[in-house]
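Each chain is listed here by its residues.
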Number of protein chains: 2
Amino acid sequence: MTITSFQIAELCGLSRGTVDRALNNRPGISPKTREKILKAAEELGYRPHFLAQSLVKGRTKTLGLVMFDVQNRIFAQLFHSFEAEARKQGFFVYLALSNKDPDLEIEYINNLLDRKVDGIALHSVNKGKEFEAYLHKARVPIVSFGNQISKQFPLVWINDKVAIKEAVSLIQAKGYQHILYVSPPLRYKGKSNIFGPEQRHKGFLEAVKEQAELSYTVITEKDFLAVIGHYLYLPHKKTAILCTSDMYALDVLKFLSSKKILVPEQVGVMGFDNIDTLNYVNPALTTIDYSVDDIGTTLVESLIRKQEGQKIPNLTTISHRIIVRDSI
Amino acid sequence: MTITSFQIAELCGLSRGTVDRALNNRPGISPKTREKILKAAEELGYRPHFLAQSLVKGRTKTLGLVMFDVQNRIFAQLFHSFEAEARKQGFFVYLALSNKDPDLEIEYINNLLDRKVDGIALHSVNKGKEFEAYLHKARVPIVSFGNQISKQFPLVWINDKVAIKEAVSLIQAKGYQHILYVSPPLRYKGKSNIFGPEQRHKGFLEAVKEQAELSYTVITEKDFLAVIGHYLYLPHKKTAILCTSDMYALDVLKFLSSKKILVPEQVGVMGFDNIDTLNYVNPALTTIDYSVDDIGTTLVESLIRKQEGQKIPNLTTISHRIIVRDSI
DNA sequence: CTGTTAGCGCCTTCAC
DNA sequence: GTGAAGGCGCTAACAG
């Protein structure tokens, strides 16, 4: 049998209204009866009914986090900080994994909305006017990360363009003459939201345009290793492989190792994200680091602020930096 | 403005009761009016209010998953399968990370209970009579994994004892004479719930007892690398390092590599869990594999079955197997 | 077949 | 300072 505020009221010979005042620290009640009520609540082991509270208040103290998956350590870390910050603020989080399936993503968002979450952080695969219109109908704050949805929705992320440009500069400075740019998501161009990868791609193209000496190949195949293998056997210039995620870079390193190709002696490799897995691989991977914890924390803060009616910036840029290690 | 079943009733000139029958496919309504209502609902874009529904039904279609963290890939994978299975069954999941903090774990469980989740899967750090009594008061199914709470609560996990025994057999068969057994959680003995590590430890002790030729050292220090370093410089027998988690094994491999100690030539190393990170490290780590996906799926199934009033097994053992690679 | 009623447990005016 | 009443949106039992 579950204890309701009514039981307390009965026990104390008071009304539910008064009990509520005591329980929620509201004025208009004598210290004495407040004491009495709180004591009774304590003794009965009273716990407010969250659903009933939410129903009447219209707020659930719950946030939704929708992202691709949690295979890539960077997103696991993101969740970690998101969850920690949410907890600090008294929120719980629904973690929904879309597996990059647009329909599933919509289904999840629908469900989160039905469940009246107070905000949604979204790494979207959907995009377009229709999707935007859909999101606009949602009555709760939505902030994005990774892929921008549109200028209408706040984005918390790094400056992908600049980051890649810096990577290219480094590669060029190290004397490389050719770059294999590995970004499989680009093959979804026009199909799903790949804002982030496209930003990086743009940055890349701008950078190589500025460096006339650099030639390049953009690899978007899912089986990028096969393509890389193909290029490496051609007579070539000093080549670096620039991967838009450490996950790809790890596969590349493994592949090169299996082909007995030395890194960085024969070919350079660079990653992106600085995931903690890199601690364990050889050679140490040069990559781009940023505080994914800041992203998680900022997402939560933005969501809560916006829900409280405050203005939040449309774009929050998290800083990044290149970490030079041994692979390039 | 949000659409309620009342709006539909008004629009159709019917009562909410009738509308409800149509919406929930219940008998006692003419096909014609049902049609009419469903059409109206469609047009208005009606969505049932989840909280109100849950409040009256007493079920929330939500599961809680409480675990240490998601740093260790094995738990990230576990969440993946848990979430996927939950979604299939129409459930959402609250993921709560205790960071191995007993108080935080309790706080989370309290919150989940307040939120009336339909079940909780728990990798507990708490234990003891008091904790059990506390959990028993919970009106929802609770199943455990990793660490058993007590015989009263179902456990879904592998047979840790047998797994370690098999590992020792392998090590012995490979001609090793000394084992450094690395299990830092053991130092929490008596303080927090380390059922899983203790099972492994027991299995280990039984196994070495059966193999008189094998000597061993149990390392429980947090800074286990320092201890390992110490032992390796002593005159010694052919030594293998048996780690109770791939995470430790990765650190060990890195440490040995930094000391220019060759694996397996100079010392053997073995892990536990077969996390996918192992794909990227050298030498390839010999480890113990099991289907963590099965664990996640089974946890969800058990929770739902139990909530539906069915009996569920007190112990579900997931099979494991040793994967021999290059490190031992 | 359909409408009415009484909750689920809590919060929030409005009177007294 | 306290009580009574209405409502959040939906469901379920009971009438008609």
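What counts, and at which threshold
- Residues numbered from 1 in each chain as written.
- Chains lettered and ligands numbered in written order.
- Predicted model: local features only at pLDDT ≥ 70, side-chain atom pairs only at ≥ 80, totals over all residues.
- Heavy atoms only, no water.
- Helix = DSSP H or I, 4+ residues; strand = E, 2+ residues; numbered from the N terminus.
- Rg over C-alpha atoms; globule rule 2.2 N^0.38 Å.
- Buried < 20%, exposed > 50% of the residue type's maximum accessible area, 1.4 Å probe, protein only.
- Contact = heavy atoms within 4.5 Å.
- Areas by Shrake-Rupley, 256 points an atom, 1.4 Å probe, with all protein chains shown as cover.
- Axes fitted to C-alpha atoms, helices over the stretch in contact; angles between N-to-C directions.
- Parallel < 35°, antiparallel > 145°, perpendicular 65-115°, else oblique.
- Left-handed = near helix turned anticlockwise from the far one by under 90°.
- Near = heavy atom within 4 Å.
- Polar contact = N/O pair within 3.5 Å; in protein donor to acceptor, adjacent residues only side chain to side chain.
- Nonpolar A, V, L, I, M, F, W, Y, C, P; charged D, E, K, R; others polar.
- Pairing = 2+ DSSP bridges.
- Domains from an automatic or database assignment.
- Least-squares fit on C-alpha atoms with pLDDT ≥ 70 in both.
- Buried area = accessible area lost by both parts, 1.4 Å probe.
- Salt bridge = Lys/Arg side-chain N within 4 Å of Asp/Glu carboxyl O.

> Just checking my understanding: could you explain the overall build of chain A for this structure?
Helix and strand content of chain A: 12 helices and 12 strands. In summary, chain A has a C-alpha radius of gyration of 26 Å against a globular reference of 20 Å for 328 residues, an excess of more than 25%. By its C-alpha atoms, chain A is 90 × 40 × 30 Å across when sized along the principal axes. The buried share of chain A, reckoned over its 328 residues, is 55%. A sequence separation of at least 24 residues applies to 69% of the contacts in chain A between residues at least 6 apart. Of the accessible surface of chain A, which amounts to about 15,000 Å², a share of 50% is contributed by carbon and sulfur atoms.

> Please clarify how the packing of helix 1 (residues 5–12) of chain A against helix 3 (residues 31–44) of chain A should be interpreted in this entry.
Helix packing geometry: the angle between the two helix axes and the distance between the axes. Residues and elements named next belong to chain A. Running from N to C, helix 1 and helix 3 cross one another at 120 degrees; their axes reach a closest spacing of 10 Å. Considering their axes alone, helix 1 and helix 3 lie oblique with respect to each other. Along this stretch, helix 1 crosses helix 3, giving a crossing that reads as right-handed. For the pair helix 1 and helix 3, contact is made by I8, L11 and C12 and by K36, I37, A40, A41 and L44, respectively.

> Teacher, can you tell me more about the protein's contact with DNA strand C here?
If you check the shell around DNA strand C, you find 25 residues, and the closest are S5, R16, D20 and Y46 of chain A together with G28 of chain B. Within 4 Å of the protein, the atoms of DNA strand C are drawn from sugar and phosphate moieties in a proportion of 62%. At a separation of 3.3 Å, a phosphate oxygen of DNA strand C approaches a polar side-chain atom of N24 of chain A. A distance of 2.9 Å separates a base nitrogen of DNA strand C from a polar side-chain atom of R21 of chain B. Its residues assigned to classes, the surface near DNA strand C comprises 8 nonpolar, 13 polar and 4 charged.

> Could you clarify how one ought to interpret the sheet that holds strand 7 (residues 215–219) of chain B in this entry?
Adjacent strands of a sheet form backbone hydrogen bonds with each other and so pair up, either parallel or antiparallel. Residues and elements named next belong to chain B. Sheet architecture is open: 4 strands sit in the order 7-6-8-9, paired in parallel fashion. The two strands at the open ends of the sheet, each matched to only one other strand, are strand 7 and strand 9 (267–270). If you compare each strand with its neighbour and ignore which way they point, the axes differ by 20 degrees on average. Pairing geometry for strand 6 (residues 178–182) and strand 7, over 5 bridges, is parallel. Among the inter-strand pairings, V182 is bridged to a residue of strand 7, identified as I219. Against the sheet, helix 8 (residues 160–173) touches strand 6, strand 8 (239–243) and strand 9, its axis set at about 165 degrees to strand 8. Strand contacts of helix 11 (residues 246–258): strand 6, strand 8 and strand 9, with the helix running at about 155 degrees to strand 9, the strand carrying the most contacts.

> Looking at this structure, I do not really get the domain arrangement of chain A. What am I missing?
Interface size is often expressed as the accessible area that is lost when the parts come together. Looking at the assigned domains, one finds that chain A contains domain 1 (5–48), domain 2 (59–157 + 292–318) and domain 3 (160–290). Its C-alpha centre places domain 1 of chain A at a distance of 64 Å from the equivalent point of domain 3 of chain A.

> Could you clarify how one ought to interpret the side chain of D114 of chain B in this entry?
Of note, D114 of chain B is situated in helix 6 (residues 102–114). In contact with D114 of chain B, other than residues within four places in its own chain, are R47 and F50 of chain A.

> When you look at the relation of the copies chain B and chain A in this model, what are you seeing that I'm missing?
For these two chain copies, the linking operation is a rotation about an axis paired with a shift along it. Between chain B and chain A, the superposition needs a rotation of 180 degrees and an axial shift of 0.0 Å, giving an RMSD of 0.0 Å. In short, the pair behaves as if placed about a two-fold rotation axis.

> How do you make sense of the protein's contact with DNA strand D when you look at a structure like this?
As a matter of local geometry, DNA strand D sits amid 25 residues, with G28 of chain A together with S5, R16, D20 and Y46 of chain B nearest to it. Considering DNA strand D, the proportion of its atoms within 4 Å of the protein that are sugar or phosphate atoms stands at 63%. At 2.3 Å, a side-chain N or O of D20 of chain B approaches a phosphate oxygen of DNA strand D. Between DNA strand D and the protein, one listed contact pairs a phosphate oxygen with a side-chain N or O atom of Q53 of chain B at 3.0 Å.

> Could you clarify how one ought to interpret the interface of chain B and chain A in this entry?
The interface of chain B with chain A comprises 47 residues on the first partner and 47 residues on the second. When the area that chain B buries against chain A is broken down by residue, the three leading residues are F92, R115 and Y280 of chain B, summing to 18%. The residue D114 of chain B makes a salt bridge to R47 of chain A at a minimum N-O spacing of 3.2 Å. Only helix 4 (50–57), helix 5 (73–88), strand 2 (92–97), helix 6 and helix 11 of chain B provide two or more residues apiece to the side of chain B that touches chain A. Across the side of chain B that touches chain A, the residue classes tally to 20 nonpolar, 14 polar and 13 charged.

> Help me out: how do you make sense of the environment of K61 of chain A in this one?
Residue position: K61 of chain A is located in the loop between helix 4 (50–57) and strand 1 (62–67). The class for K61 of chain A is partly exposed, based on a relative accessible area of 31%. C-alpha separation for the pair K61 of chain A and Y216 of chain A, spaced 155 residues apart in sequence, amounts to 49 Å. Those residues in contact with K61 of chain A, other than ones at most four positions away along the chain, are F50, Q89, G90, F91, F92 and D118 of chain A together with R115 of chain B.

> Hey, could you run me through the pattern of salt bridges in this one?
Two side chains carrying opposite charge are able to pair once their charged atoms lie near each other. In this structure the tally under the stated criterion is 20 salt bridges over all chains. We note a salt bridge from D160 of chain B to R200 of chain B, for which the minimum N-O separation is 2.7 Å. Note that D160 of chain B is positioned in helix 8 and R200 of chain B in helix 9 (residues 195–210), a separation of 40 residues in sequence. With respect to burial, D160 of chain B and R200 of chain B carry one shared label: buried. Through salt bridges with shared partners, a single ionic network connects K161, K165 and E206 of chain A.

> Quick question: what am I supposed to make of the pairing of strand 5 (residues 155–158) of chain A here?
Along any regular strand the residues' side chains alternate between the sheet's two faces. Residues and elements named next belong to chain A. Burial of the side chains of strand 5 extends over both faces: L155 and W157 are buried on one face and V156 and I158 on the other. Pairing analysis gives 4 bridges linking strand 5 to strand 11 (residues 315–318), with the strands arranged parallel. In the strand pairing of strand 11, W157 is matched with T317.

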